[in-house]
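The chain contents come next:
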Amino acid sequence: MTFSGQVSKPLRVLVSEGNSTSAREAVTILGLSGQLVEICDPSPYCLARFSRFVRKFHRCPGMRDNPGGFLTFVERLLARRHFDVLLPIHE
């Protein structure tokens, strides 16, 4: 087995909700693998926000209460900041 010595650049991942245990598990797995994780959620106290692997939290409109506002928020966020992956956990 040969190793080229080339280290790949970490992915910038936006997780689209942070209040479920599924989101928390995804954040942990992504963080442990060296990826750069940000989350958006309507709750400022969502579970995944307090993970040491979350680099930035974005408070957004709720998907259930305001799906159009949520979509607009995510589209603008993706346009402003560079993400390699948008990871929808439950949508």
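Residues numbered from 1 in each chain as written. Predicted model: local features only at pLDDT ≥ 70, side-chain atom pairs only at ≥ 80, totals over all residues. Heavy atoms only, no water.

Novice: Looking at this structure, I do not really get the sheet that holds strand 3 (residues 54–59). What am I missing?
Specialist: Within a sheet, neighbouring strands are paired by backbone hydrogen bonds and run either parallel or antiparallel to one another. A sheet is described by the order of its strands in space; here four strands give the open sequence 3-2-1-4, paired in parallel fashion. Each having just a single partner strand, strand 3 and strand 4 (85–87) make up the two edges of the open sheet. Ignoring which end each strand starts from, the neighbouring axes of this sheet average 20° apart. Relative to strand 4, strand 1 (residues 12–15) runs parallel, the two sharing three bridges. What sits directly across from Val13, in strand 4, is Val85. (Pairing = 2+ DSSP bridges. Helix = DSSP H or I, 4+ residues; strand = E, 2+ residues; numbered from the N terminus. Axes fitted to C-alpha atoms, helices over the stretch in contact; angles between N-to-C directions.)

Novice: Please explain helix 2 (residues 67–80) as it appears in this structure.
Specialist: A turn of α-helix holds 3.6 residues, and therefore any two residues three or four places apart point the same way. With 14 residues, helix 2 extends 20 Å from end C-alpha to end C-alpha; this agrees with the ideal 20 Å at 1.5 Å per step. Within the sequence span of helix 2, burial applies to Gly69, Phe70, Val74 and Leu77. Buried positions in helix 2, seen along its axis, are confined to an arc of 130° and lie on one side of it. Those residues of helix 2 that are exposed and aimed more than 90 degrees away from the buried face are Arg76 and Ala79. (Expected span 1.5 Å × (residues − 1). Buried < 20%, exposed > 50% of the residue type's maximum accessible area, 1.4 Å probe, protein only. Arc of directions from axis to C-beta.)

Novice: Is there a simple way to explain the side chain of Glu17 in this structure?
Specialist: In this structure, Glu17 sits in the loop between strand 1 and helix 1 (21–32). Within the buried set, Glu17 has no salt-bridge partner at all; the shortest N-O distance to an opposite charge, 11 Å, is to Arg24. At 2.5 Å, the side chain of Glu17 and the side chain of Ser20 are in polar contact. (Lys, Arg positive; Asp, Glu negative; His and termini not counted. Salt bridge = Lys/Arg side-chain N within 4 Å of Asp/Glu carboxyl O. Polar contact = N/O pair within 3.5 Å; in protein donor to acceptor, adjacent residues only side chain to side chain.)

Novice: Explain the environment of Pro61 here, please?
Specialist: Its location among the elements puts Pro61 in the loop between strand 3 and helix 2. Once the C-alpha coordinates of Pro61 and Thr72 are considered, the two residues, 11 residues apart in sequence, prove to be 9.3 Å apart. Once residues within four sequence positions are removed from consideration, Pro61 is found in contact with Pro42, Asn66, Gly69, Phe70 and Phe73. (Contact = heavy atoms within 4.5 Å.)

Novice: Help me understand the pairing of strand 1 in this model?
Specialist: Each regular strand shows side chains that alternate between the opposite faces of the sheet. As judged from the four bridges shared by strand 1 and strand 2 (residues 36–41), these two strands associate in the parallel manner. Each residue of the ladder has a partner; that of Arg12, found in strand 2, is Leu36. Read from strand 1 through helix 1 to strand 2, the crossover connection turns out right-handed. (Right-handed = clockwise from strand over helix to strand, strands pointing away.)

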